[in-house]
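Summary of structural features
Listed below are the residues making up each chain.
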Amino acid sequence: MTKCSAVGGFEFMPSPPPTYYKNLKSRAGDVLSDEQIKECEELGILVDRDDQGTLLQIFTKPVGDRPTIFIEIIQRVGCMLKDEKGREYQKGACGGFEKGNFSELFKSIEEYEKTLEAKRISETTSA
């Protein structure tokens, strides 16, 4: 999805700081491999966990002229149930995201707004 951004795809919010990923192994190490955790960090994917499973999520940069509308892309891992024939399926409405990811999203939005403001100031002073 990132590679497509040059042709009208998506640009994503900046990654959280490395401290966010520092304790990820303890939060999701039994679900995600070390390689997957490293990939989440490289891509800026947020990882959250609750008693129902693990949630991977990333947010696009705001679409439009105000930083108020963005797209959330999520993947749920876990919340597996078995039907009467023993086949596994993912439970609907599995979990949600915790305040940690919500907090990181708003920090990211604030940082993005600062870059927009800096760009506006730069354009005004060079005009």
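Position numbers for residues count from 1 along each chain, tracking the sequence in the order it is written. For a predicted model such as this one, the threshold for reporting local features is a pLDDT of at least 70, and the threshold for listing and counting side-chain atom pairs is 80 or more; totals across whole chains, interfaces and linings nevertheless cover every residue. By convention in this description, side-chain values take in all heavy atoms of the structure and omit both hydrogens and water.

Naming follows an unreviewed UniProt entry, where the protein chain appears as 4-hydroxyphenylpyruvate dioxygenase of Populus tomentosa.

1. With respect to the nonpolar core
Of all hydrophobic cores here, the largest spans 17 residues; its most connected members are Leu24, Leu32, Cys40, Val47 and Leu56. Here a helix means four or more residues in a row that DSSP labels H or I, a strand means two or more in a row labelled E, and each is numbered from the N terminus. Elements supplying a minimum of two residues to this core: helix 1 (18-22), helix 2 (24-28), helix 3 (34-43), strand 1 (46-50), strand 2 (53-59) and helix 4 (99-126). For this core, the element with the most residues is strand 2, which contributes three residues. Between two residues, a contact is recorded if the distance between any of their heavy atoms is within 4.5 Å. Look past the residues within four positions of Cys40 in its chain and what remains in contact with it is Tyr21, Leu32, Ile45, Val47 and Leu56. We call a set of buried residues a nonpolar core when its members are Ala, Val, Leu, Ile, Met, Phe, Trp, Tyr or Cys and they connect through side-chain atoms within 4.5 Å of each other. Only protein chains enter the accessibility calculation, which uses a 1.4 Å probe; a residue is then buried when its area is under 20% of its type maximum, exposed when over 50%, and partly exposed in between.

2. Regarding the sheet that holds strand 2
One open sheet accounts for three strands, arranged 1-2-3; its pairing is antiparallel. Both outer strands of the open sheet, strand 1 and strand 3 (72-78), are each paired with one neighbouring strand and no more. Ignoring strand direction, the axes of neighbouring strands in this sheet form an average angle of 20°. Alignment of strand 2 against strand 3, held across seven bridges, turns out to be antiparallel. When the sheet's bridge partners are listed, Gln57 is paired in strand 3 with Ile74. Two strands pair under a simple rule: DSSP has to find at least two bridges between them. Between N-to-C directions, angles cover 0 to 180 degrees, with each direction set by a line fitted to C-alpha atoms, over the stretch in contact for helices.

3. As for the pattern of salt bridges
Take a side-chain nitrogen of Lys or Arg and a carboxyl oxygen of Asp or Glu: if they are within 4 Å of each other, that pair is a salt bridge. As enumerated under the stated definition, the model contains three salt bridges in all. Where Lys61 meets Glu11, a salt bridge forms, and the shortest distance between an N and an O atom there is 3.6 Å. With Lys61 in the loop between strand 2 and strand 3 and Glu11 in the segment before helix 1, this pair connects stretches of sequence that are 50 residues apart.

4. Brief notes about the environment of Thr60
For Thr60, the position within the fold is in the loop between strand 2 and strand 3. With 51 residues separating them along the chain, Thr60 and Gly9 place their C-alpha atoms 10.0 Å apart. Leave out the neighbours within four places in its chain, and Thr60 touches Phe10, Glu11, Phe12, Met13, Phe70, Ile71 and Ile73.

5. Points about the packing of aromatic side chains
In this scheme Phe, Tyr and Trp rings, the latter by its six-membered ring, pair at centre separations within 6.5 Å, and the angle between planes marks the pair as stacked below 30 degrees, edge-to-face above 60, and tilted otherwise. One pass over the structure, following the stated rule, counts two aromatic pairs. Aromatic pair Tyr20 and Tyr21: ring centres 4.9 Å apart, planes at 80°, arrangement edge-to-face. An identical accessibility class is assigned to Tyr20 and Tyr21; each is buried. Taking 5.5 Å as the distance between ring centres and 80° as the angle between the ring planes, the aromatic pair formed by Phe59 and Phe70 counts as edge-to-face.

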